[in-house]
Number of protein chains: 2
Amino acid sequence: MAKNDPIELNKHTITRDPLPASKKIYIEGDIHKDIRVPMREIALTNGDKVTVYDTSGPYTDPTAEINVRKGLAETRRDWVLARGDVEEYEGREIKAIDNGYTDDDKAFATHNPDLQRKPLRAKAGQNVTQLHYARQGIITPEMEYIAIRENQRRQEWQETLSSEEREARLKGNSFGANTPDEITPEFVRKEIAEGRAIIPANINHTELEPMIIGRNFLVKINANIGNSAVTSSIEEEVEKLVWGIRWGGDTVMDLSTGKNIHATRDYILRNSPVPIGTVPIYQALEKVNGVAEDLTWEVFRDTLIEQAEQGVDYFTIHAGVLLRYVPLTANRVTGIVSRGGSIMAKWCIAHHKENFLYTHFEEICEIMKAYDVSFSLGDGLRPGSLADANDEAQFGELETLGELTKIAWKHDVQVMIEGPGHVPMHMIKDNMEKQLEACDEAPFYTLGPLTTDIAPGYDHITSGIGAAMIGWYGCAMLCYVTPKEHLGLPNRDDVKEGIITYKLAAHAADVAKGHPGARYRDDELSKARFDFRWEDQFNLGLDPDTAREYHDETLPKDSAKVAHFCSMCGPKFCSMRISQDVRDYAAEKEKIEAGMKEKSEEFKKQGGEIYVELTE
Amino acid sequence: MAKNDPIELNKHTITRDPLPASKKIYIEGDIHKDIRVPMREIALTNGDKVTVYDTSGPYTDPTAEINVRKGLAETRRDWVLARGDVEEYEGREIKAIDNGYTDDDKAFATHNPDLQRKPLRAKAGQNVTQLHYARQGIITPEMEYIAIRENQRRQEWQETLSSEEREARLKGNSFGANTPDEITPEFVRKEIAEGRAIIPANINHTELEPMIIGRNFLVKINANIGNSAVTSSIEEEVEKLVWGIRWGGDTVMDLSTGKNIHATRDYILRNSPVPIGTVPIYQALEKVNGVAEDLTWEVFRDTLIEQAEQGVDYFTIHAGVLLRYVPLTANRVTGIVSRGGSIMAKWCIAHHKENFLYTHFEEICEIMKAYDVSFSLGDGLRPGSLADANDEAQFGELETLGELTKIAWKHDVQVMIEGPGHVPMHMIKDNMEKQLEACDEAPFYTLGPLTTDIAPGYDHITSGIGAAMIGWYGCAMLCYVTPKEHLGLPNRDDVKEGIITYKLAAHAADVAKGHPGARYRDDELSKARFDFRWEDQFNLGLDPDTAREYHDETLPKDSAKVAHFCSMCGPKFCSMRISQDVRDYAAEKEKIEAGMKEKSEEFKKQGGEIYVELTE
């Protein structure tokens, strides 16, 4: 089985080890008996067990049989079919150009027939979105699944807390977000119905383990992956996904460009338990040889259907890049930095016409609702530097995204809104507030933001700061940034570094919001730290492998892992050990004071006043 | 000359290369003609030059002759002597126990006579602190030096900005901090006089390049170093310091323990251009064989004098750990985690007596003012986990530190206050506000704080988030955390990673505060990025080496560094290139509109109304 070494091209291995001391458990549904919600249970050395959210899918379940050339089990297919509102159909014919070729032989060489599925779509006149169901008052299996998943069995440990402990953990500042103590399926339905959350879940992505994006739920993170320049194996492409979700990617965006992207998308979707997002304009641009001016609504529309049939769960659509906003970027320090934004800007000014994504927006909605693809309304004019943050172009586009949100909702299509980018700390909150207002609380999904531009090579951190803050303020999903941002393409280590950084930022946000299911993990880890349970400290962390490795560099012996000291103070003097003395002292003091009080009471009863009370 | 490779034990090399494309420049004083303030000038490929703050000392000046076995030039000695209030004296006799030995032969084997100096102290009845001078209305060379240093020649580039650009950069939220457009020597004096800032500058640290810590100045960072377990060379110990200041350490704390710490301190002080801080109780504990109960005021006092004579610039003194606060930590999740705090707690409860640092505080002040050692009042009861943040023990101690601040100020002794630790985001601001109030705006110096406990191995990031935020709120100095925090001792790479993380956090804070000398560097880097001036982008960053290395992994050819595309989009399509089209379009549009307006005006004059105005 693969260890966590950088994957080698010809090894074709998929990482399958469970995380250390971890076991996959499944919780069954109540309303929908056939749902099984996966969680990760960490066994501690003191016999306790801690349940954590698990994005890693069946890959970390040693009992799951996985063949990436066939795809994951289509667990969700029955749920979709049971609703009786979809039909299987032949689907659009796959063309050579979908893979970037004119020659059929080359184009289909990378296709794997075992990963082809006949697509489903809404029957004529039907709307199959989760938003549509929610508004009808229907609790879907997806909704109940999410309710169970978001709770993470917290009722179990919540009962063990004193009321003070419980209150302390819940004390946060949520800036108006409202996460109930227990997430019920009905709460999920209501949040979806009101547009405050989305469940990206294309009916053709039947391998999905449903998840939710909304500010009254755990803050989520997205990891981006892309195809390799050189044609590679299915295993290699799938491993990127598996690696990303292993460390906590809640959704994955496939930003592949160039050759074989249709085939690659099949590899990924058929093997992905997490929602997959794409930017369809990238593929549309490939189909017109990279010439933005040659894009047409027809090419784009065809691409949307192509990807919707494959099962993409959300589409980034840059429909807010209006012709009139484009000149507003002319005097920026860094102009337009969004790839999709600049494609559309180029098209608009070349034709001196309004953005076709805007003019055809209702037609896009029609496609989205037939497959339940969610909108991720792209921020094509996001700032590319602190200097351009919160400017007229950015906020103009945001207003338009708000307008488009209402149109999408009219069609019962789910929407989230993309946000910046590069924003100094004091201007972050304004982004969140304006977004909530302009887009009627549709979930916000931001890239960072980077809080300074002076640290290339460390932009996972410059942006992790902004991500934690905007997550706290109410951002629902954070798009990760790797250390290679602005410099090159990330490798396997960079992807992991970016994900862990964003995972800790999202968690810091959950804690600060007072999310009832957040701080227990910090507390469990802190207790392990205080008790010198080194193994538990590693295993409760976001990256047990790195923590263990760092520890072993200084204290390599296994015996040190149970020793009651650490390399910081050494065996002679240990800060944490002194605490036992303090506890003994406090207990002793309490006993003495109690004893004196008792004696004092006794004397009082006898009419004496010798002892004065010590307790203040 | 040494490259940036991990130092090898037997190589005895000191890193001396200037940073890429960088030149050391010196600015002379106006009031004090003999001061020469070092800065780093980065030469850009477009001919521009950018000046940045430089902590690296003479090591990065190839013209400086350096022999670490003799120490740096004692530039500051004349300034100290010129004040006529100090005397040279024999000094305390160095004892074997100062190096942790009973045997003189072993104890002095590591001593280097060329690094011994006869100490200076205040003449009887004199007070030689910068606070004392400031209150007398005296502008010392140190103050003028700092004024020049904090300005970083910003007047030069400020003149090139339009008033809008200038205003935009200054727009921040400083939470009551007030940094003027130009830092004058008088402003420095006033800030010192009012206790809002300190200049840690022991009169015996004559190699110092003075710097300031206060919330109306650039946010500073501290890096910790410690001696090696195995006796090592002077070069090896000094290289740790040199490495730390190369990447931006504004002050360095020497947390050495065990053998040879007196000798090591000589190595470091005589070769350090930055202020050195220590925790004297660590050495005092060594002198009583690590048994906290055996500590006495006499041993501690002797240690203070020993270190003051060597030239330590600030002492962490845990005088706020009062006996009555100790039991308040008994029910904490992580008890007392500060090493100094737990030493004092142990002493207090063992003797059931009040902390001798508290009871002897005025005597400590007498020593501090004779050498101008600044207080860093230690937070011995800081929280070691989110669960313990902002509790009664922590805030009780903070109140006492406020009380001690007033006593120190009575003696004209400079003071800063140490802060936590582990604090969730929503509780950080409260720390800053309470500190400002309790300690009358004495500068705050915090460790992180860590915003979550679940990411061992990434605590430079969990704490970098909190550091950036508290720096924004008004914290004056941030004590770095490395990736090895809680796990082991940092190596050379960890130290660099920690420093760069804190440097970017401090800078993000400066930008958010609207510091007039902060955002120009972001803007210069963003312009370089937009122009595809790769070399400039690397060189303007905090870590040019890593940025270049990351870039070269994907696009290794030198030609790529001037190519107008990057590895993200590739040569066919480039977001940033499109901006030129946008600019042409905007210019064209403006021209057309101007032309139409002109025509319209013309017609109006002729009484016609054919053209309607286009501009909104």
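Whatever comes next refers back to the structure up there.
Here we summarise the structure given alongside this text. (Residues numbered from 1 in each chain as written. Chains lettered and ligands numbered in written order. Predicted model: local features only at pLDDT ≥ 70, side-chain atom pairs only at ≥ 80, totals over all residues. Heavy atoms only, no water.)

## A look at the environment of Arg533(A)
Residue and element names in this part refer to chain A. With respect to the element layout, Arg-533 can be found in the loop between helix 19 (519-530) and helix 20 (534-540). Distance from Arg-533 to Thr-296, taken between C-alpha atoms, is 61 Å for residues 237 residues apart in sequence. Each residue touching Arg-533, except ones within four places of it in the same chain, is listed here: Leu-44, Thr-45, Asn-46, Lys-527 and Ala-528. (Helix = DSSP H or I, 4+ residues; strand = E, 2+ residues; numbered from the N terminus. Contact = heavy atoms within 4.5 Å.)

## Brief notes about the sheet that holds strand 1 (residues 22-28) of chain A
All names here are of chain A. Read across the open sheet, the 3 strands follow the order 1-2-3; overall the sheet is antiparallel. The strands lining the two open edges of the sheet, one partner per strand, are strand 1 and strand 3 (49-52). Averaged over all neighbouring strand pairs, the angle between strand axes comes to 40 degrees, with direction disregarded. In this sheet, strand 2 (residues 36-43) lies alongside strand 1 in antiparallel orientation, the contact comprising 7 bridges. (Pairing = 2+ DSSP bridges. Axes fitted to C-alpha atoms, helices over the stretch in contact; angles between N-to-C directions.)

## Notes on the pairing of strand 8 (residues 220-225) of chain B
Residue and element names in this part refer to chain B. Extensive coverage of strand 8 is indicated by the burial of 6 of its 6 residues. Burial along strand 8 is two-sided: Lys-220, Asn-222 and Asn-224 and Ile-221, Ala-223 and Ile-225, pointing in opposite directions, are all buried. Pairing of strand 8 with strand 15 (residues 477-479) involves 3 bridges; the strand directions are parallel. Each bridged residue has a counterpart across the sheet, and for Lys-220 the counterpart in strand 15 is Met-477. Two strands pair when backbone bridges link them, and strand 8 and strand 9 (residues 251-254) are joined in this way by 4 bridges, in the parallel orientation. In the strand pairing of strand 9, Asn-224 is matched with Met-253. (Buried < 20%, exposed > 50% of the residue type's maximum accessible area, 1.4 Å probe, protein only.)

## As for the pattern of salt bridges
In a structure, side chains of opposite charge can pair up when their charged atoms sit close to one another. For the coordinates displayed, the defined rule picks out 100 salt bridges over all chains. For Arg76(A), the salt bridge is made with Glu142(A), and the minimal N-O distance between the two is 2.8 Å. Taken together, the residues Arg76(A) in the loop between strand 3 and helix 1 (77-82) and Glu142(A) in helix 4 (residues 141-151) connect sequence positions 66 residues apart. Relative accessible area serves as the criterion here: at 0%, Glu142(A) is assigned to the buried category. Of the charged contacts, one joins Lys33(B) and Asp30(B) as a salt bridge, the two residues approaching to 3.9 Å between their closest N and O atoms. Here Asp30(B) falls in the exposed class, since its relative accessible area comes to 60%. (Salt bridge = Lys/Arg side-chain N within 4 Å of Asp/Glu carboxyl O.)

## Some words on the packing of aromatic side chains
Taken as a whole and judged by the stated rule, the model has 26 aromatic pairs over all chains. Ring-pair connections join several aromatic residues into one group, and the members of that group are Trp297(A), Phe300(A), Trp347(A) and Phe356(A). A cation over an aromatic ring shows up here: Arg246(B) above the ring of Trp247(B), its NZ or CZ 5.3 Å from the ring centre. Over the face of the ring belonging to Tyr101(B) we find Lys259(B), whose NZ or CZ atom lies 4.9 Å from the ring centre. (Phe/Tyr/Trp six-rings, centres within 6.5 Å; stacked < 30°, edge-to-face > 60°. Lys NZ or Arg CZ within 6 Å of the ring centre and 35° of its normal.)

## A look at a negative patch on the surface
A cluster of acidic residues, Glu93(A), Asp103(A), Asp104(A) and Asp105(A), forms a negative patch on the protein surface. Among the structural elements, Asp104(A) can be located in helix 2 (residues 104-109). (Patch = residues over 30% accessible without salt bridge, like charges linked within 9 Å, V, L, I, M, F, W, Y side chains within 5 Å. Areas by Shrake-Rupley, 256 points an atom, 1.4 Å probe, with all protein chains shown as cover. Lys, Arg positive; Asp, Glu negative; His and termini not counted. Charge placed at Lys NZ, Arg CZ, Asp CG, Glu CD.)

## What to know about the interface of chain B and chain A
Contact residues are listed per partner, giving 104 residues for chain B and 104 residues for chain A. For the pair chain B and chain A, the summed buried area comes to about 8800 Å², and 68% of that belongs to carbon and sulfur atoms. Of all residues in chain B, Ile454(B), Tyr458(B) and Tyr585(B) bury the most surface against chain A, accounting for 9% of the area lost on that side. Summed over the shared surface of chain B and chain A, the number is 4 salt bridges. Linking Glu553(A) and Lys484(B) is a salt bridge whose minimum nitrogen-to-oxygen distance equals 2.7 Å. Applying the counting criterion to the chain B and chain A interface returns 26 residue pairs in polar contact (both at pLDDT 80 or more). Looking at the side of chain B that touches chain A, the elements with two or more residues in it are helix 12 (339-351), helix 17 (459-473), helix 18 (492-513), helix 19 (519-530), helix 20 (534-540), helix 21 (544-554) and helix 22 (575-605) of chain B. Broken down by element, the side of chain B that touches chain A gets its largest block of residues, 11 residues, from helix 18 of chain B. Taken together, the residues of the side of chain B that touches chain A sort by class into 50 nonpolar, 33 polar and 21 charged. (Buried area = accessible area lost by both parts, 1.4 Å probe. Polar contact = N/O pair within 3.5 Å; in protein donor to acceptor, adjacent residues only side chain to side chain. Nonpolar A, V, L, I, M, F, W, Y, C, P; charged D, E, K, R; others polar.)

## A closer look at the relation of the copies chain B and chain A
Laying chain B over chain A is done by rotating through 180 degrees and shifting 0.0 Å along the axis; what remains is an RMSD of 0.1 Å. Overall, the copies show the geometry of a two-fold rotation axis. Nearest to the rotation axis, the C-alpha of Ile465(B) is located 2.4 Å from it, this being the minimum over chain B. (Least-squares fit on C-alpha atoms with pLDDT ≥ 70 in both.)

## Some thoughts on the environment of Gln126(A)
Residue and element names in this part refer to chain A. Positionally, Gln-126 belongs in the loop between strand 5 (120-122) and helix 3 (130-135). With relative accessibility at 38%, the residue Gln-126 sits in the partly exposed group. As for Gln-126 and Glu-601, which are separated by 475 residues in sequence, their C-alpha atoms are 79 Å apart.

## Let's talk about the environment of Gly498(B)
Residues and elements named next belong to chain B. By secondary structure assignment, the location of Gly-498 is in helix 18. Residue Gly-498 is classed as buried on the basis of its relative accessible area, which comes to 0%. Residues Gly-498 and Asp-459 lie 39 residues apart in sequence; the distance between their C-alpha atoms is 9.2 Å. Apart from residues no more than four positions distant in its own chain, Gly-498 is found in contact with Tyr-480, Val-481, Thr-482 and Pro-483.

On their own, these measurements won't tell you what the molecule is for.
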